[in-house]
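Residues per chain, in single letters:
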Amino acid sequence: MSKSSLPAGWLDPFRLSGLPCGTPVVLGFSGGADSASVLDMLVKSGIRVTAVHVNHMIRGDEAERDALFCAKRAAELGVDFVLFRKDVPALAASRGKGLEETAREERYRCFAEVMKKTGSPLLVTAHNADDNAETVLFNITRGCAAKGACGIPPVRPFPDGNGLIVRPALGISKSELLSYCEENGITFVTDSTNTDTSYSRNRIRREIIPVLKTINPGLLSSVSAFTDSIRTDCEYLDSLARDFAVAHPALYASELSSLPAPIAARVITLSARKAGAAPEKRHIDAVLSAVTEGRRIAVTLPGSIIARIGKAGLISFEYDDRTPKKHKSTEKDTSN
């Protein structure tokens, strides 16, 4: 099959990333329909790929089945294959984190290791248009800012800053990927947990999106257009915030108060993240409120970081080793 017979929504990984054609890529290969079809498309596009499968050791025999399937499929295609086994339940317990968060951390550690060994600056994931719509609905349901409505970006920096992540199938629907598998005789495995609607994302996928499609059959395209628009706006506002932060290494409330609220909020977020904190909306709102009202304040952020507005209006973000690592956010008004 030629490139021209690939689905219309396929996005060339090199065009997405701006990297030269022929750059080796690493693919996160679960063995499901999405990654199985994306692997096939990469091979048919003549792209040199290393498929990486991570067995999280959560689903017992089923997970072992998936690992064997992926190894066999990669061999059939003549693709380099790397298998990792990570005891995610044990790691999650030792770190005091959830299974999903720990699994993601371990996956990306594995991807980073293979990218380094193969000299590949590009990780391909098989996210599709359905995943994008589910993500937006999930974020809105939880209550999100504009960033959460941006959905899944087609390209973004790798978490450790080395390389890029691209999603060439983001413009293709799940049903189109399944049809592609059927038409091309591509086999795949199915994760039994995908049908468990006790997981919020699965419930959105199986119960909510089908109802929304009865209202608008073009739901996925509409959501994609929406996220593209929001992402463009966010990128512009982010660039203004970055420029301001660079020009103002010492951040004063008087200067911050002159900015439009969307940019001021982003400046606070940038400064907090530089200090190692991941502020939530309530933290940012607390600082912005104090800036607007000319109050001194101290706000405890996640990561034991204290955001302060001092006597001269200087805004600082400093680590406080007296603050417990796990805590509820507190706000102390020091205007007196």
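Residues numbered from 1 in each chain as written. Predicted model: local features only at pLDDT ≥ 70, side-chain atom pairs only at ≥ 80, totals over all residues. Heavy atoms only, no water.

Summarise the overall build of the protein chain; cite the residues concerned and give the values.
Of regular secondary structure, the protein chain possesses 12 helices and 11 strands. The principal-axis extents of the C-alpha atoms in the protein chain amount to approximately 70 × 45 × 40 Å. Per-residue burial for the protein chain yields a buried fraction of 43% across its 336 residues. Contacts in the protein chain between residues at least 24 apart in sequence constitute 63% of all its contacts with a sequence separation of at least 6. The averaged location of the 39 negative side-chain charges in the protein chain is 4 Å from the averaged location of its 43 positive side-chain charges. (Helix = DSSP H or I, 4+ residues; strand = E, 2+ residues; numbered from the N terminus. Buried < 20%, exposed > 50% of the residue type's maximum accessible area, 1.4 Å probe, protein only. Contact = heavy atoms within 4.5 Å. Lys, Arg positive; Asp, Glu negative; His and termini not counted. Charge placed at Lys NZ, Arg CZ, Asp CG, Glu CD.)

How would you sum up the sheet that holds strand 5 (residues 155–157)? Please name residues and give values.
The six strands are arranged 3-2-1-4-6-5 in an open sheet whose pairing can be described as mixed. The open sheet has two edge strands, strand 3 (80–85) and strand 5, and neither has a second partner. Across this sheet, the average inter-strand angle for adjacent strands is 25 degrees, counted without regard to direction. Pairing of strand 2 (residues 49–55) with strand 3, which is carried by six bridges, proceeds in the parallel orientation. What sits directly across from Ala 51, in strand 3, is Phe 81. Strand contacts of helix 2 (residues 33–44): strand 1 (25–28), strand 2 and strand 4 (122–124), with the helix running at about 160 degrees to strand 1, the strand carrying the most contacts. Contacting strand 1, strand 2, strand 3, strand 4, strand 5 and strand 6 (164–166), helix 5 (residues 99–118) crosses the sheet at an angle of about 150 degrees to strand 2. (Pairing = 2+ DSSP bridges. Axes fitted to C-alpha atoms, helices over the stretch in contact; angles between N-to-C directions.)

Account for the side chain of Asn 139, with residues named and values stated.
With respect to the helices and strands, the residue Asn 139 is situated in helix 6 (residues 129–142). Here Asn 139 falls in the buried class, since its relative accessible area comes to 13%. Those residues in contact with Asn 139 that lie beyond four places of it in its chain are Cys 144 and Gly 148.

So, the nonpolar core: which residues are in play, and what are the values?
Membership of the largest hydrophobic core comes to 30 residues, with the highest contact counts inside it found for Val 25, Leu 27, Val 38 and Leu 42. At the level of elements, strand 1, helix 2, strand 2, helix 3 (61–77), strand 4 and helix 7 (174–183) are the ones that each hand at least two residues to this core. In terms of residue count, helix 2 provides more of this core than any other element does, six residues in total. In contact with Val 38, other than residues within four places in its own chain, are Trp 10, Leu 27, Val 124, Ala 126 and Ala 169. (Core = buried A, V, L, I, M, F, W, Y, C linked by side-chain atoms within 4.5 Å.)

Could you give an account of the packing of helix 4 (residues 88–95) against helix 5, with specific residues and numbers?
Geometrically, a packed helix pair is captured by the angle between its two axes and the distance between the axes. Orientation of helix 4 relative to helix 5, taken along the N-to-C sense of each, is 110 degrees, at an axis distance of 9 Å. Considered as vectors, helix 4 and helix 5 are oriented roughly perpendicular to each other. The way helix 4 lies across helix 5 gives a crossing that is right-handed. Between helix 4, through Val 88, Pro 89, Leu 91, Ala 92 and Arg 95, and helix 5, the contact on the second element is made entirely by Leu 99, Thr 102, Ala 103, Glu 105, Glu 106 and Arg 109. (Parallel < 35°, antiparallel > 145°, perpendicular 65-115°, else oblique. Left-handed = near helix turned anticlockwise from the far one by under 90°.)

Please give an account of unusual backbone geometry that cites residues and values.
Trans peptide bonds make up most of the peptide bonds, and negative phi angles are found at most residues other than glycine. Positive phi outside glycine occurs at Met 57, with the angle close to 55 degrees. The topology assignment puts Met 57 in the loop between strand 2 and helix 3. For Met 57, a relative accessible area of 40% corresponds to the partly exposed category.

Before we move on, could you go through the pattern of salt bridges and cite the residues and values that matter?
On inspection of all chains with the given rule, the structure shows 24 salt bridges. Lys 174 is the salt-bridge partner of Asp 34, the closest N and O atoms lying 2.9 Å from each other. Of this pair, Asp 34 sits in helix 2 while Lys 174 sits in helix 7; the two residues are 140 residues apart in sequence, bridging distant segments of the chain. The shortest N-O distance in the salt bridge between Glu 76 and Arg 73 comes to 3.2 Å. Of this pair, Glu 76 and Arg 73 both sit in helix 3, three residues apart, which is roughly one turn of the helix. Each of Arg 95, Lys 97, Glu 101, Glu 105, Glu 106 and Arg 109 takes part in salt bridges that share partners, so that together they form one network. (Salt bridge = Lys/Arg side-chain N within 4 Å of Asp/Glu carboxyl O.)

So what's going on with the environment of Ser 200? Which residues, and what values?
Within the fold, Ser 200 resides in helix 8 (residues 200–215). Using a relative accessible area of 45% as the deciding quantity, one classes Ser 200 as partly exposed.

Could you give an account of the environment of Gly 313, with specific residues and numbers?
Mapped onto the fold, Gly 313 is located in the loop between strand 9 (305–309) and strand 10 (314–319). Distance in space between the C-alpha atoms of Gly 313 and Leu 259 is 15 Å, their sequence separation being 54 residues. Leaving out residues up to four positions away in the same chain, Gly 313 has contacts with Leu 251, Tyr 252 and Ala 253.

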